[in-house]
Amino acid sequence: QPLSSWSRADWIPRAKALGAAPFAAAATEAARPEDERIRALEVLVEVFGGIGRETAQQVMATPGDLTLTRFAWALARSPASPERDAQLAALTGQGSVAVRRAAWEGLLALPSVAAVSPDWKNGFASSDRRVRTAAISVARRSGFVPPLEDARQPRIALAKLRAASGALDVRAALEIFRSTSEPELKLEAVRLLQIGLGDLRLEGGKDETETGYAALA
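Keep in mind that this is a model prediction, so the values were computed, not measured.

## Considerations on the pattern of salt bridges
- For the structure on display, the rule yields 13 salt bridges.
- Across the salt bridge formed by Glu-42 and Arg-39, the nearest N and O atoms sit 3.0 Å from each other. Taken together, the residues Glu-42 and Arg-39, both in helix H3 (residues 34-48) and three residues apart, mark about one turn of the helix.
- Under the relative-accessibility criterion, Glu-42 is labelled buried at 18%.
- A residue is classified by how much of its surface remains accessible, and Arg-39, at 24% relative accessible area, is partly exposed.
- Close ionic contact of Arg-132 with Glu-188 constitutes a salt bridge, the shortest N to O distance being 2.7 Å.

## A look at the nonpolar core
- Of all hydrophobic cores here, the largest spans 45 residues; its most connected members are Phe-71, Leu-88, Leu-91, Trp-104, Leu-107, Trp-120 and Phe-124.
- Leaving out residues up to four positions away in the same chain, Leu-88 has contacts with Ala-72, Leu-75, Ala-76, Ala-103, Gly-106, Leu-107 and Leu-110.
- Ranked by size, the runner-up nonpolar core spans nine residues in total, among them Ala-157, Leu-158, Ile-176 and Leu-185.

## As for the packing of aromatic side chains
- For the structure on display, the rule yields three aromatic pairs.
- Between Phe-23 and Phe-48, the aromatic rings sit 6.1 Å apart at their centres with planes inclined by 40 degrees, giving tilted as the arrangement. Here Phe-23, found in helix H2 (residues 21-28), pairs with Phe-48, found in helix H3; they are 25 residues apart in sequence, far enough to count as distant.
- Under the relative-accessibility criterion, Phe-23 is labelled buried at 17%.
- Three or more aromatic residues joined by ring pairs form one cluster here, namely Trp-104, Trp-120 and Phe-124.
- The aromatic ring of Trp-11 is capped on one face by Arg-39, whose charged end is 4.9 Å from the ring centroid.
- Stacked on the ring of Trp-73, the Lys or Arg Arg-70 has its end atom at 3.8 Å from the ring centre.

What counts and what doesn't
Residues numbered from 1 in each chain as written. Predicted model: local features only at pLDDT ≥ 70, side-chain atom pairs only at ≥ 80, totals over all residues. Heavy atoms only, no water. Salt bridge = Lys/Arg side-chain N within 4 Å of Asp/Glu carboxyl O. Helix = DSSP H or I, 4+ residues; strand = E, 2+ residues; numbered from the N terminus. Buried < 20%, exposed > 50% of the residue type's maximum accessible area, 1.4 Å probe, protein only. Core = buried A, V, L, I, M, F, W, Y, C linked by side-chain atoms within 4.5 Å. Contact = heavy atoms within 4.5 Å. Phe/Tyr/Trp six-rings, centres within 6.5 Å; stacked < 30°, edge-to-face > 60°. Lys NZ or Arg CZ within 6 Å of the ring centre and 35° of its normal.

Put into structure tokens, the structure is as follows:
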């Protein structure tokens, strides 16, 4: 129970006495069980303020999707630097869905992604809605919608619509709805159409059965 107060009172002083080096070594040891490498990363973040540049480079070079997922989380909580930002961006196109999602979520902590090159196409075209949503959130937060080839692919086109600022292009959403046979994408396009047409007007004290209906003048 490492998060319990009595446990923290015991292990945190011991960790500080050992210093960061043993935990950095454990995190980069490919032969070590992944749960131990993950815990080492967590200790580096909580007790020592994050991951150093050399440790980050070594973790990036070792296999293990579970470790890389937690590594992306740890990177986002480490001291800011161009190298850290570039490593987070690189992880958006590597490993499992969980790794890519954690990398995109880490990029959300950056004020801008203009100086790095995340894998926008991989993010916007991902079949995993959480990865795609995280990539869209990064684009919206930074005010940057990347120019992508294959932008007419329904999944990418939907992502670009969601990432764009300003009024939603209803005609574009309708075109996407017509161009795909995937139920998930059709549902997403319908939601964009709904938003573009003014969304549901919820009023207090009104029966739920009347939500979405409006009397014609």
